[in-house]
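Single-letter residue listing:
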Amino acid sequence: MRWINSRQQKRDHNGQRNTCAACGHDGTTHDPLVLTGDGFRVHRSHTTDPKSGLYGAEQRRS
Ligand SMILES: [Zn+2]
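None of the values given here were measured: they were computed from a predicted structure. (Residues numbered from 1 in each chain as written. Predicted model: local features only at pLDDT ≥ 70, side-chain atom pairs only at ≥ 80, totals over all residues. Heavy atoms only, no water.)

Engineer: How do you make sense of the coordination of the zinc ion when you look at a structure like this?
Structural biologist: When four donors bind a metal tetrahedrally, each ideal donor-metal-donor angle is 109.5 degrees, and when six bind octahedrally, the ideal angles are 90 or 180 degrees. In the first shell of the zinc ion, the protein supplies Cys20 (SG), Cys23 (SG), His43 (ND1) and His46 (NE2), at 2.0 to 2.3 Å from the metal. Relative to the metal, the four donor atoms surrounding the zinc ion lie at angles of 104 to 118 degrees, and the coordination shape comes out tetrahedral. Read N to C, the donor residues that coordinate the zinc ion are spaced as C-x2-C-x19-H-x2-H. Here the residue cysteine 23 occupies a position in the loop between α1 (6-13) and β1 (33-35), and histidine 43 occupies one in strand β2 (residues 41-43), the gap between them amounting to 20 residues. Using a relative accessible area of 34% as the deciding quantity, one classes cysteine 23 as partly exposed. (Donors = N, O, S within 2.8 Å, 3.2 Å for Na, K, Ca; no water. Tetrahedral: all angles 85-135°; square planar, octahedral: opposite > 155°, others 65-115°. Helix = DSSP H or I, 4+ residues; strand = E, 2+ residues; numbered from the N terminus. Buried < 20%, exposed > 50% of the residue type's maximum accessible area, 1.4 Å probe, protein only.)

Structure (structure tokens):
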């Protein structure tokens, strides 16, 4: 089960389901959105960039 926080749920309901919570751009097939440990959707590239504050933040599947 993957966890989505209440702010992200509101974003989803506002049609921002495919909009990165970190940079505001849409997810793409090349750089899809993933969930962070605190429940936001962000580009996978943020979680794999050591210079990003979101490095390593991708939510682990339980
Ligand atoms: Zn982004």
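Engineer: Whenever I open this one, the nonpolar core confuses me. Can you help?
Structural biologist: A general tendency of soluble globular proteins is for nonpolar side chains to be buried together. Membership of the largest hydrophobic core is limited to five residues, which are Cys20, Leu33, Val34, Phe40 and Val42. Not counting chain neighbours up to four residues away, the residues in contact with phenylalanine 40 comprise Asn5, Arg7, Gln8, Ala21, Val34 and Leu35. (Core = buried A, V, L, I, M, F, W, Y, C linked by side-chain atoms within 4.5 Å. Contact = heavy atoms within 4.5 Å.)

Engineer: Teacher, can you tell me more about the environment of glycine 56 here?
Structural biologist: Along the polypeptide, glycine 56 turns up in the segment after α2 (44-47). Measuring from C-alpha to C-alpha, the distance between glycine 56 and arginine 44 comes to 9.7 Å, with 12 residues separating the pair along the chain.

Engineer: Which parts of the structure should I look at to understand the pattern of salt bridges?
Structural biologist: Should the charged atoms of two oppositely charged side chains come close, the side chains can pair. Tallied over the entire structure, the rule returns three salt bridges. Ionic pairing is found between aspartate 12 and arginine 17, a salt bridge with its closest N-O pair at 3.5 Å. Exposure remark for aspartate 12: the relative accessible area of 14% places this residue in the buried category. Take arginine 17: its relative accessible area is 52%, and that puts it in the exposed class. A single salt-bridge network, built from bridges that share partners, covers Asp12, Arg17 and Arg41. (Salt bridge = Lys/Arg side-chain N within 4 Å of Asp/Glu carboxyl O.)

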